[in-house]
There are 2 protein chains.
Amino acid sequence: MRDVSLLITGADQLVTVPPPTGGGGKRGADLAELGIIENGALAADGERIVAVGTTGEIEATCGLRPRGERIDARGCVVLPGFVDPHTHVLFAGTREWEFEERLRGRSYMEIAAAGGGIRSSVRMFRKADDATLLSESLQRLDRMAAYGTTTVEIKTGYALDPEQELRALRLIGALGQQHALSIVPTYLGAHEVPDDYRDRVDDYVELLTERMIPEAAELGIARFCDVFCEKGVFDVPQSRRILQAGLGAGLRPKLHADEIEPFGGAELAAELGAVSADHLGRVSPAGIAALAEAGVVAVLLPGTLFSLAAKQYAPARAMIDAGVSVALATDCNPGSSMTDAMPWVIALACLQMQMTPAEAISAATYNAAAALGLEGEVGSLTPGYRADLQLLAAPSYARLPYHVGSSDLRDLVVGGRIRLRNAAPPALRG
Amino acid sequence: MRDVSLLITGADQLVTVPPPTGGGGKRGADLAELGIIENGALAADGERIVAVGTTGEIEATCGLRPRGERIDARGCVVLPGFVDPHTHVLFAGTREWEFEERLRGRSYMEIAAAGGGIRSSVRMFRKADDATLLSESLQRLDRMAAYGTTTVEIKTGYALDPEQELRALRLIGALGQQHALSIVPTYLGAHEVPDDYRDRVDDYVELLTERMIPEAAELGIARFCDVFCEKGVFDVPQSRRILQAGLGAGLRPKLHADEIEPFGGAELAAELGAVSADHLGRVSPAGIAALAEAGVVAVLLPGTLFSLAAKQYAPARAMIDAGVSVALATDCNPGSSMTDAMPWVIALACLQMQMTPAEAISAATYNAAAALGLEGEVGSLTPGYRADLQLLAAPSYARLPYHVGSSDLRDLVVGGRIRLRNAAPPALRG
């Protein structure tokens, strides 16, 4: 009998989200394969999962060490913690007033002219001190955890200045040190064109490729280099130069691609072997075919389109049918998607993009991990993976999109440690 | 100086939601009037609000009794607790599997034939013991409170049987006794036609009017009598008979009206002077005019249409422009709207029904109270009203629809008592 440090038993459903037989993300029919074990159990030792099976099997083979922790999961669904592979969590100050103006019908350009838009977040970021940025961001991570997320990608990109973008990277590194969740840093110096480069975008691209990206890579914090490849921001040749500079410095490419119109972003992602292409609200059929062929993960962000009152979402079904690995993320940011809850994104995936609950859960766990190059590490309840998992007080995984706008999270385990226990709202009696 | 039992000071915004000059709900431009006081303060004595003003004004006129409670609301928005005027909270068991089948494209009729639909909740209700029904429902109310709700209407209607419907009413009464939130019971024996009356609906209408409704009224628990007035359930003449029986027994009418097609429900509500007409996804122009003329509150339930993946929502703007008092509710129920969070409903109102955040907040507080005949009692931070209020950790009331799928609730006060304090998610450090 093996002695372990954490034993979870009796789960109504243990949703393992098994890895696909090939590499990369889950595709096609495999996306709906959740590997459910009824009356399921899981054993972890230290940070890692060591055994998964029925409660009978695990109790027969694993014993709990004297100081180990045990979780009775009866009445619960156990599933991998969510991986949120596209966020801008590091920002200072929120932008409620713009949201209100947008609802009143003012255009993005009018709002930008009145001091709003991404540039207002850049101004707030540059003015905010480190303590403010850290404190606000840590609280956002707490909220993500309360909705079941255990790994969060965070991008720079509200600084748009060589020194300040390095500050952003260091702060994202500090969030990873200070918070219990796993943080994956991405360098996004190419989030927008700074005001003083408006009429000479190529000069900013040169600054990025010659100085900013090499300096950022030098810090050893970022894993990826990202670019906003869209009309009016960085075009395809500029995006290619930026991402190639990242590759040269050891940073794998990611792209904000085809959000507003088909622009060749997906094709560029495929050409460069990007780890993911994100947004894709208007990806072309050729772009979809290219993503499938190259095995680039498509990270869909339906919360953004909801908050922008869009009438049309990314063509998730066409992508799944074409063999693309589809993932989901919050896009948490103060402008277009002030959202931290992955269950809400899963609900949108089901109700607005015709994904099934099972597909959406794979997209928010295994494939979201693949969008960060973390296959084999997180996003599945399989021996050898990190013990990052959540317990929902619910009879079935379908509770996630069904119970919309709310949360059934009971317990959260990160790296084998119980970080939230009985997180249900307090009982208000009498 | 007046001695008080609760003093709240320093709110960035105190959102009073002032009552309209005439009676009934807020209408037209008045719906957007939130009566915001910056650096606002509020004093309550016992259950009631006694003073509202700037922090300077209130501190100059009110002192806290030695054992009184004080809340520092700096960095917060204070607004009335939400009133949720249309729910079916009293049920046993959830229906995730149906939700999943619906997403797979199975029709409601196919699901009903496979044992699903409202009749499956009827079977579960009849089988469940009182303790199960109470325990599940109390937990749902805890969740509603965690999202800022302080008053909840709850309907019977999963029993459809004379004795069991009385049991449902008694259980709703017990929820009101056992839970800190204010509960408003509604009798909905006419929620659906029971299986054994399928071919003789008029016999069930007679059972309702001759026996069930008088017996229900006799209990002294219900305030309202409701009916599902829709094609295939109860037609307009049947609904009229049912609601007149309620009126005769002292129960004010409410209607499930025009949800699926224009059916004359809104017109019937106006004819009978109903306190509210609810759903209205397909209300006709004549129905809108009738509601405006008669001063019937229109309770809109966008969460239901979202969960049914509807392409079209109730015509909120046309109703507001026509002078209808519009309110919002969750419709919390296990079939079509497994939702307990009013902020989520507010987000839908803004993003799918083109209401402004200010209008949506009036609709979820003052007008929702009017939909329960509770004008003057709850839904406004005005002296004389019950001290039912919430604090959001946010700079502006627009945070509610902006921060979608999540919650910023910090404190909740019900009847002058602090029931939730620092309800933010736990900090996960290190």
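Undergrad: Summarise the domain arrangement of chain A; cite the residues concerned and give the values.
TA: All names here are of chain A. According to the domain assignment, chain A consists of domain 1 (2-81 + 380-420) and domain 2 (82-370). Placing the centre of domain 1 and that of domain 2 at their C-alpha centroids yields a distance of 29 Å. Taken together, the contacts link 34 residues of domain 1 with 33 residues of domain 2. For the domain 1 and domain 2 pair, buried surface summed over both sides reaches about 2,600 Å², with 67% attributable to carbon and sulfur atoms. Across the domain 1-domain 2 interface, the total number found is seven residue pairs in polar contact (both at pLDDT 80 or more). Where the side of domain 1 that touches domain 2 is concerned, the elements lending two or more residues are β5 (77-80), β14 (389-392), α16 (399-402), β15 (409-414) and β16 (417-420). Residue contributions to the side of domain 1 that touches domain 2 peak at four residues, all from β15. Partitioning the side of domain 1 that touches domain 2 into residue classes produces 20 nonpolar, eight polar and six charged.

Undergrad: So what about the interface of chain A and chain B? Which residues, and what values?
TA: If you look at the interface, chain A gives 54 residues, while chain B gives 54 residues. Regarding the contact of chain A and chain B, the summed buried area is about 5,200 Å², with carbon and sulfur atoms giving 58% of it. Three residues stand out in chain A for area buried against chain B, namely L351, Y402 and L428 of chain A, and they jointly supply 17% of the buried area on that side. Notably, a salt bridge pairs R429 of chain A with D142 of chain B, separated by 2.9 Å at the nearest N-O pair. Our count for the contact surface shared by chain A and chain B stands at 33 residue pairs in polar contact (both at pLDDT 80 or more). When contributions to the side of chain A that touches chain B are tallied by element, the ones reaching two or more residues are α2 (96-103), α5 (130-146), α6 (162-178), α11 (302-307), α13 (342-352), α16 and β16 of chain A. Broken down by element, the side of chain A that touches chain B gets its largest block of residues, six residues, from α5 of chain A.

Undergrad: Now, about helix α2 (residues 96-103) of chain B: what can you tell me, with residues and values included?
TA: At 3.6 residues per turn, the α-helix brings residues three or four places apart onto the same side. When α2 of chain B is considered as a whole, its buried residues turn out to be E96, E98, F99, E100 and E101 of chain B. Contacts from the buried residues of α2 of chain B go to α13, α14 (357-364) and α16 of chain A together with α3 (108-113), α4 (118-127) and α11 (302-307) of chain B. Phi for G105 of chain B, located one or two positions after α2 of chain B, is positive at around 100°.

Undergrad: Residue-level account of the confidence of the model for chain A, with values.
TA: If pLDDT is low for a region, its predicted coordinates should not be looked at in detail. All names here are of chain A. Per-residue pLDDT for chain A averages 96, and the proportion of residues at 70 or more is 100%. When pLDDT is averaged over each element of chain A, strand β6 (residues 82-84) comes out on top at 99 and helix α3 (residues 108-113) at the bottom at 80. Across the predicted assembly, pTM comes out at 0.98 and ipTM at 0.97.

Undergrad: For the pairing of strand β12 (residues 297-300) of chain B, give the residues involved together with the corresponding values.
TA: Residues and elements named next belong to chain B. Across the two faces of β12 the burial is the same, with V297 and V299 and A298 and L300 all buried. Bridging between strand β11 (residues 276-279) and β12 involves three bridges; their strand directions are parallel. Of the residues in β12, the one forming a bridge with A277 is A298. For the handedness criterion, the β-α-β arrangement of β11, helix α10 (residues 285-294) and β12 is classed as right-handed. Of the pairings in the sheet, the one linking β12 to strand β13 (residues 326-328) comprises three bridges and is parallel in character. Residue pairing across strands places V299 opposite A327, the latter belonging to β13.

Undergrad: Can you explain the relation of the copies chain A and chain B? Please cite residues and give values.
TA: What connects the two chain copies is a rotation about an axis and a shift along it. For these two chains of identical sequence, chain A goes onto chain B by a turn of 180° and a shift of 0.0 Å along the axis, with RMSD 0.0 Å. What the superposition gives is, in effect, a two-fold axis relating one chain to the other. Residue G405 of chain A of chain A places its C-alpha closer to the rotation axis than any other residue of that unit, at 2.3 Å. In this assembly, 100% of the residues forming the interface of chain A have copies in chain B that are likewise at the interface, indicating an isologous arrangement.

About the cut-offs
Residues numbered from 1 in each chain as written. Chains lettered and ligands numbered in written order. Predicted model: local features only at pLDDT ≥ 70, side-chain atom pairs only at ≥ 80, totals over all residues. Heavy atoms only, no water. Domains from an automatic or database assignment. Contact = heavy atoms within 4.5 Å. Buried area = accessible area lost by both parts, 1.4 Å probe. Polar contact = N/O pair within 3.5 Å; in protein donor to acceptor, adjacent residues only side chain to side chain. Helix = DSSP H or I, 4+ residues; strand = E, 2+ residues; numbered from the N terminus. Nonpolar A, V, L, I, M, F, W, Y, C, P; charged D, E, K, R; others polar. Salt bridge = Lys/Arg side-chain N within 4 Å of Asp/Glu carboxyl O. Buried < 20%, exposed > 50% of the residue type's maximum accessible area, 1.4 Å probe, protein only. pLDDT = per-residue confidence, 0-100. Pairing = 2+ DSSP bridges. Right-handed = clockwise from strand over helix to strand, strands pointing away. Least-squares fit on C-alpha atoms with pLDDT ≥ 70 in both.

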